[in-house]
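Working through the structure, step by step
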Amino acid sequence: MCPTEPDSAEAAWQKLLRIRQSIDNIDAALVHLLAERFKFTQEVGELKAEFGLPASDPDREHRQIARLRELAVESNLDPEFAEKWFNFVVTEVIRHHIQAGAEGEEREAPL
Ligand SMILES: C=C(O[C@@H]1C=C(C(=O)O)C=C[C@H]1O)C(=O)O
């Protein structure tokens, strides 16, 4: 048996608990990072709404996807997954931007 392998069910359970703690820490960090990202994209949405800029910027998104795919390959992460994750997040960001734009228009042209 490899020396780092647990040699009993109890040791395996302890190892599982230790690994799960790290998984939970990483999940917490991801939530914090996403919250920060959405704070910044909200600022972008406010700027876009104020100056009538389009909600989405497909050219920028293509550049971001190319970069993230490269980073994923370097990090041994599936680049398809990295792109799916990015698109999932950006779809939500754009939905917020469209909403902010519509609310800005309503404020400018009340009934
Ligand atoms: C945040 C922006 O708005 C949109 C959202 C993006 C993102 O979440 O990274 C990128 C491009 C835009 O489609 C932006 O234009 O920078």
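From a predicted model like this one, the values you see are computed outputs, not experimental measurements.

This brings us to the packing of helix H1 (residues 9–51) against helix H3 (residues 79–108). For the pair H1 and H3, interaxial distance at closest approach is 9 Å and the crossing angle is 40°. Relative to H3, H1 is oriented so that their crossing is right-handed. Contacts between H1 and H3 involve Leu34, Arg37, Phe38, Thr41, Val44, Gly45, Lys48 and Ala49 from the first element and Phe86, Val89, Glu92, Val93, His96, His97, Ala100 and Gly101 from the second.

Let's shift gears to the UniProt feature "domain: Chorismate mutase" (unreviewed entry) in the protein. On the UniProt side, "domain: Chorismate mutase" (unreviewed entry) is annotated at positions that read residues 10–101 here. Across residues 10–101 one finds 89% helix and 0% strand; the C-alpha atoms that close the span lie 57 Å apart.

Taken as a whole and assessed by the stated rule, the structure comprises four salt bridges. Note that Glu80 is salt-bridged to Arg69, the shortest N-O span being 3.1 Å. Taken together, the residues span a long stretch of sequence, with Glu80 in helix H3 and Arg69 in helix H2 (residues 58–74) at a distance of 11 residues. Taking relative accessible area as the criterion, Glu80 reaches 43% and is therefore assigned partly exposed. For Arg69, the salt bridge identified is with Glu83, shortest N-O distance 2.5 Å.

What counts and how
Residues numbered from 1 in each chain as written. Predicted model: local features only at pLDDT ≥ 70, side-chain atom pairs only at ≥ 80, totals over all residues. Heavy atoms only, no water. Axes fitted to C-alpha atoms, helices over the stretch in contact; angles between N-to-C directions. Helix = DSSP H or I, 4+ residues; strand = E, 2+ residues; numbered from the N terminus. Left-handed = near helix turned anticlockwise from the far one by under 90°. Contact = heavy atoms within 4.5 Å. UniProt positions renumbered as here; feature names shortened; annotations may be inferred. Salt bridge = Lys/Arg side-chain N within 4 Å of Asp/Glu carboxyl O. Buried < 20%, exposed > 50% of the residue type's maximum accessible area, 1.4 Å probe, protein only.

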